[in-house]
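Structural characterization, general
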Amino acid sequence: MKKILTLVCCTILLAATSCTKKYITPANRTIFFTVKGGTNPGGWVLTNNGGSPAYQTTLGGNNGDLPELDSFTQHNGAVLVYISYDKNGDTYEAIPENFGGASFSFIHSTNTITITSQSSGGSAAVLPTQDMYVKVVLIDSEPQ
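What you see is a predicted model; the values in this text were computed from it and never measured.

Close approach of charged atoms allows side chains of opposite charge to pair. Scanning the entire structure with this criterion turns up 2 salt bridges. Its salt-bridge partner being Lys36, residue Asp131 comes within 3.9 Å of it at the nearest N-O pair. One end of the pair, Asp131, is in the loop between strand 8 (112-118) and strand 9 (132-139); the other, Lys36, is in the loop between strand 1 (29-35) and strand 2 (45-49), with 95 residues separating them in the sequence. On the basis of relative accessible area, Asp131 is assigned to the partly exposed category, the value being 27%.

Structure (structure tokens):
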């Protein structure tokens, strides 16, 4: 009788303590942009970035090209930005990055990403003269 009772207790104990893992794959999104080289329309604009000259370009903003970067993603998710000079997208560099004599950085807000190009020391603006291909990866996350 003790053996049967022990087997029943062990079975109940195993059943009560077993758990299943649940994997949730977030719905990440990737968006591609082309930024024209030089100061062409859709290209770079010279600004005074906190006292230092810099060239900036904006993805999204008022023209609504980046609705995926909504308020929820802005506050809870992650934004990754990569740049490439080869049209096939064979190689991308993650921003922030020093690339071709320019130091690239970015900031983001709802519906907008602004990429900045300046010298590594921050004392001079560096104008990217050829077209740049930009990959934006938005990573969803849930607040705890």
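On to the packing of aromatic side chains. Across all of its chains, the model carries 1 aromatic pair by this definition. Relative to Phe104, the ring of Trp44 lies with its centre 6.2 Å away and its plane at 50 degrees, an arrangement referred to as tilted. Residue Trp44 is found in the loop between strand 1 and strand 2, and its partner Phe104 is found in strand 7 (residues 102-109); the two are separated by 60 residues along the sequence. Judged by relative accessible area, Phe104 falls into the buried class, the value being 1%. The side chain of Lys135 reaches across the aromatic face of Tyr82, ending 5.3 Å from its centre.

Once that is clear, we can look at the environment of Ile139. With respect to the element layout, Ile139 can be found in strand 9. Taking the relative accessible area as the measure of exposure, Ile139 reaches 28% and is therefore partly exposed. The spatial distance from the C-alpha of Ile139 to the C-alpha of Thr30 is 8.9 Å, given a sequence separation of 109 residues. Leaving out residues up to four positions away in the same chain, Ile139 has contacts with Asn28, Gly77, Ala78 and Leu80.

Within the protein chain, residue pLDDT values average 83, and 81% of them lie at 70 or more. Per-element confidence in the protein chain is highest for strand 4 (residues 78-84), whose mean pLDDT is 94, and lowest for helix 1 (residues 2-17), whose mean pLDDT is 63.

Quick notes on the rules
Residues numbered from 1 in each chain as written. Predicted model: local features only at pLDDT ≥ 70, side-chain atom pairs only at ≥ 80, totals over all residues. Heavy atoms only, no water. Salt bridge = Lys/Arg side-chain N within 4 Å of Asp/Glu carboxyl O. Helix = DSSP H or I, 4+ residues; strand = E, 2+ residues; numbered from the N terminus. Buried < 20%, exposed > 50% of the residue type's maximum accessible area, 1.4 Å probe, protein only. Phe/Tyr/Trp six-rings, centres within 6.5 Å; stacked < 30°, edge-to-face > 60°. Lys NZ or Arg CZ within 6 Å of the ring centre and 35° of its normal. Contact = heavy atoms within 4.5 Å. pLDDT = per-residue confidence, 0-100.

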